[in-house]
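Each chain is listed here by its residues.
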Amino acid sequence: MSVFTHPDFDHHEQVVFCHDEASGLRAIIAIHDTTLGPALGGCRMFPYASDDDALCDVLRLSRGMTLKSSLAGLKLGGGKAVIIGDPHTGKSQALLHAMGDFVDSLGGRYITAADSGTGEPEMQAFAQRTRHVIGATPRTTVDGSIASGDPSPSTALGVFVGLREAVRQRLGRDDLAGLKVAIQGVGHVGLGLARHLKQAGAELWVCDIFDANVRQAMEELGANAVRPHDIYGLDVDVFAPCAMGGILNAETLQSLRAPVIAGAANNQLASPEIGVELQRRNHLYAPDYAINAGGIIDVYYQRIGGSAAQSDAHVRSIGDTLREIFNRATASGEPTSIIADHLALERLQTGDALRPAEQRLHA
Ligand code: NAD
């Protein structure tokens, strides 16, 4: 396993391999770029088949966080952590405390949050060892109720707003009544997105490898259930990937029919070439880290002590960001995935990531 010459290394500032003999912790923290601020990104727990798989995942995700925060106009850098282990059976307080100690040892260069396989209880355990953690305490939502620090409702809202913009752009319609949407994965974000879509009058098709989640979407929202393998070939208006990465690839592209692809999953493109191929086939792809930025925006406002209303307004601006990406793609003839990268890097290089409202907040 190489690090500096790893294909996904891409100028990372720091990669920390964390091992605690006593608790069995094995983890990697990757800090990609701190130009715009401390590296903020979730801590994922997953039973990776190999150390190399874990390294690939953390490097790709942490670079993605740099681009995501830059594009979302946040004063944050990009980082991510992965714990190698089964999230259902592999957690102990000692292991989580050891991870909290490693996060703390970076002195705030990396700030952690919940991700796949971790949630509020894990953040509370980290918080016993470090202050560089977000999502450990409840907060007030935009309607005044008290909610956990889980950012997935904001991610779902951002995806909904972005999906609506993509539909406007590609299908020329504002009204979502009767829109046919296929959602891959109805977990935290996918189910939240399904609720927004149902309220807007859309028709839903869902799949999940966890049957209880499919049942909930059927019973609560009247969604149609399909087998995971059949989700790609449905004759729908929108395909919303909300499960795992790499699902837009040479094989799935053969069956994909939806003109719009807009969902929450990170790293949806198996390779950058797939973005070009999607454009060639006339699918409008909403770049993953642009449309799924609601969670990091939410976490950011929790960090700076901003209000739920500020966070909500910022999440809703994801629609404007996507409109800019789509318009630039139309004007230049380049794929949306490449335009998003250009825009994020442009803001990173010019230090222009902060929107005027944000600049006021930091003044
Ligand atoms: P989650 O674990 O709650 O939900 C994912 C769902 O996908 C689960 O129900 C799982 O059973 C299902 N799934 C897994 N493999 C599948 C497959 N092959 N086919 C169909 N379903 C499958 O996770 P989440 O928090 O809802 O996140 C979903 C995606 O969005 C992930 O890729 C995540 O990285 C990304 N994301 C999440 C957030 C957030 O705020 N939670 C923010 C940004 C990006």
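Looking at an unreviewed UniProt entry, the chain carries the name Glu/Leu/Phe/Val dehydrogenase, with the source organism given as Stutzerimonas zhaodongensis. The UniProt entry for the chain carries the following text under Function (unreviewed entry): "Catalyzes the reversible oxidative deamination of glutamate to alpha-ketoglutarate and ammonia." The UniProt entry for the chain carries the following text under Sequence similarities (unreviewed entry): "Belongs to the Glu/Leu/Phe/Val dehydrogenases family."

Trainee: Describe empty space enclosed by the protein, with residues and values.
Mentor: The gaps left among the atoms become clear once a water-sized probe is rolled over them. Within this structure, the stated rule accounts for one cavity of 30 Å³ or more. Here the largest cavity is characterised by a volume of approximately 50 Å³. If you go around the largest cavity, you meet 12 residues; those closest to its centre are L71, A72, A290, I318 and T321. Elements supplying a minimum of two residues to the lining of the largest cavity: α1 (51-71), α9 (288-291) and α12 (318-332).

Trainee: Which residues make up the packing of α1 against helix α13 (residues 336-350), and what are the values?
Mentor: It is at 8 Å that the axes of α1 and α13 come closest, and there the two elements cross at 75°. It follows that α1 is roughly perpendicular to α13 by the angle criterion. Counted together, T66, L67, S70 and L71 of α1 and A340, D341, L343, A344, L345, R347 and L348 of α13 form the full contact between these two elements. Its residues assigned to classes, the contact of α1 with α13 shows seven nonpolar, two polar and two charged.

Parameters at a glance
- Residues numbered from 1 in each chain as written.
- Predicted model: local features only at pLDDT ≥ 70, side-chain atom pairs only at ≥ 80, totals over all residues.
- Heavy atoms only, no water.
- UniProt positions renumbered as here; feature names shortened; annotations may be inferred.
- 1 Å grid on protein atoms, 1.4 Å probe; cavity = no way out; pocket = protein on both sides within 12 Å on 5 of 7 lines; lining within 4 Å.
- Points joined across faces, edges and corners; volume = space filled by probe spheres on them.
- Helix = DSSP H or I, 4+ residues; strand = E, 2+ residues; numbered from the N terminus.
- Axes fitted to C-alpha atoms, helices over the stretch in contact; angles between N-to-C directions.
- Parallel < 35°, antiparallel > 145°, perpendicular 65-115°, else oblique.
- Contact = heavy atoms within 4.5 Å.
- Nonpolar A, V, L, I, M, F, W, Y, C, P; charged D, E, K, R; others polar.

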